Amino acid sequence: ATGIIGQHGRGLAEELGVARATVFRWVGSRELLLGEIIWSIFEATWKYVLSVAKGTGADYAADITKRLMSSVLESEPFRRFLEQDPENALRILTSKTSIVRTRIFDEVQRMLREQIKAGHIAPALKAEDLAYVMVRVFESCLYSDQIAGRKPNIELTSSAIRILVAAQPTISARAKLLTREFAK
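Here we summarise the structure given alongside this text. Here the residue numbers are simple positions, counted from 1 along each chain's written sequence. Totals for whole chains, interfaces and linings use every residue, but because this is a predicted model, local features are given only for residues with pLDDT of at least 70 and side-chain atom pairs only at 80 or more, for both listing and counting. Computation of side-chain values: all heavy atoms of the structure, hydrogens and water removed.

## Overview of the overall build of the chain
Okay, so step 1: The helix count covers DSSP runs of H or I at least four residues long, the strand count covers runs of E at least two residues long, and both are numbered beginning at the N terminus. Along the backbone of the chain there are eleven helices and zero strands.
Okay, so step 2: Going residue by residue from the N terminus, the α and β elements of the chain occur as α-α-α-α-α-α-α-α-α-α-α.
Okay, so step 3: Only protein chains enter the area calculation, which uses a 1.4 Å probe; residues under 20% of their type maximum are buried, those over 50% are exposed, and those in between are partly exposed. Looking at the 184 residues of the chain, the share that counts as buried comes to 41%.
Okay, so step 4: To measure how exposed things are, a 1.4 Å probe is used in the Shrake-Rupley method; for residues, cover is taken only from the protein chains shown. About 9900 Å² of surface is accessible on the chain, with carbon and sulfur atoms providing 55% of the total.

## Focus on the side chain of Asn 88
Okay, so step 1: Following the sequence through the fold, Asn 88 ends up in helix α6 (residues 86-94).
Okay, so step 2: Throughout this description, a polar contact denotes any pair of N or O atoms lying within 3.5 Å of each other; where both atoms belong to protein, one of them has to be capable of donating a hydrogen while the other can accept it, and for residues adjacent in sequence the pair is counted only when both atoms sit in side chains. There is a polar contact of 2.7 Å between the side chain of Asn 88 and the side chain of Arg 91.
Okay, so step 3: Throughout, a contact is declared for two residues whenever any of their heavy atoms are within 4.5 Å. Asn 88 has contacts with Arg 30 and Glu 31, leaving out every residue within four places of it along the chain.

## Here's the deal with the environment of Val 133
Okay, so step 1: Inspection of the secondary structure assignment puts Val 133 in helix α8 (residues 127-142).
Okay, so step 2: The exposure class of Val 133 is partly exposed, given its relative accessible area of 27%.
Okay, so step 3: Between the alpha carbons of Val 133 and Phe 105 there is a distance of 9.5 Å; along the sequence they are 28 residues apart.

## Here's the deal with the packing of aromatic side chains
Okay, so step 1: Ring pairs are drawn from Phe, Tyr and Trp, using the six-membered ring of Trp, whenever the two centres fall within 6.5 Å, and their geometry is named by plane angle: stacked under 30 degrees, edge-to-face over 60, tilted for the rest. Enumeration over the complete set of coordinates arrives at three aromatic pairs.
Okay, so step 2: When the ring of Phe 78 is compared with that of Phe 81, the centres are 6.1 Å apart and the planes differ by 50°; the resulting orientation is tilted. With Phe 78 and Phe 81 both in helix α5 (residues 76-84) and three residues apart, this pair spans about one turn of that helix. This pair shows no difference in class: Phe 78 is buried, exactly as Phe 81 is.
Okay, so step 3: Three or more aromatic residues link up through ring pairs in this structure, and these residues are Phe 78, Phe 81 and Tyr 143.

## Some details on α6
Okay, so step 1: Buried residues of α6: Asn 88, Ala 89, Leu 90, Ile 92, Leu 93 and Thr 94, and no others.
Okay, so step 2: At its buried positions, α6 is contacted by α3 (30-52), α5, α7 (99-117), α8 and α9 (144-148).

## Some words on the environment of Leu 164
Okay, so step 1: Tracing the backbone shows Leu 164 in helix α10 (residues 154-166).
Okay, so step 2: Distance from Leu 164 to Ala 62, taken between C-alpha atoms, is 9.7 Å for residues 102 residues apart in sequence.

## Focus on the pattern of salt bridges
Okay, so step 1: Salt bridges are defined by distance alone: a side-chain nitrogen of Lys or Arg within 4 Å of a carboxyl oxygen of Asp or Glu. In the structure shown here, the tally under the stated rule is nine salt bridges.
Okay, so step 2: When the shortest N-O distance is used, the salt bridge between Glu 43 and Lys 47 registers 3.7 Å. Pair noted here: Glu 43 and Lys 47 are both in helix α3, with a separation of four residues, about one helical turn.
Okay, so step 3: What makes Glu 43 partly exposed here is its relative accessible area of 27%.
Okay, so step 4: Beyond isolated ion pairs, a larger network of salt bridges with shared partners links Glu 76, Arg 79 and Arg 80.

## Here we look at the environment of Pro 123
Okay, so step 1: For Pro 123, the position within the fold is in the loop between α7 and α8.
Okay, so step 2: Exposure remark for Pro 123: the relative accessible area of 5% places this residue in the buried category.

## Observations concerning the nonpolar core
Okay, so step 1: Among the nonpolar cores identified, the biggest contains 41 residues, and Leu 112, Met 134 and Val 165 are the most heavily contacted of them.
Okay, so step 2: Elements with a minimum of two residues in this core: α3, α4 (57-74), α5, α6, α7, α8 and α10.
Okay, so step 3: Once residues lying within four places of it in the same chain are set aside, the contact partners of Val 165 are Gly 57, Ala 58, Ala 61, Leu 112, Ile 121, Pro 123, Leu 130 and Met 134. What is meant by a nonpolar core is a set of buried Ala, Val, Leu, Ile, Met, Phe, Trp, Tyr and Cys residues, joined one to another through side-chain atoms within 4.5 Å.

The following block contains the structure:
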């Protein structure tokens, strides 16, 4: 956490002409500031990945997953953040109160709705439920070394996401899902 806050929090405090502690108080807590910093970095990566990802539907979702995991895993500051205090890092990144997880969920849901509206997918689950499962699968695989002592496997994760997105509902369930999705 020190590395990311050190890089971005110190720069923010200097730019504002205040102490880092003052910035923490303004934001609410050190964890919230860290979440905002991580999100700002992640959001830029997410937008870039969306712009270069190939394919449509399940292939698009799998390519996004592959590119996003690669980018995150290649980030030295992010890896240091996870290694320095894994429990705190996972709480900031994945807990029910995490602004990072909440915003990632919203972005994945938005991407799914765009793919549904374009006719590229007709998922077996509602977009909201599918986004939740996708984010949790992504997190489980991305942080598998902290959670289970297992090296993250980008190919396995992107394949799992492809399978989830490509899963087809029954005909009657599909009609209900499409009706609900277009009503939003």
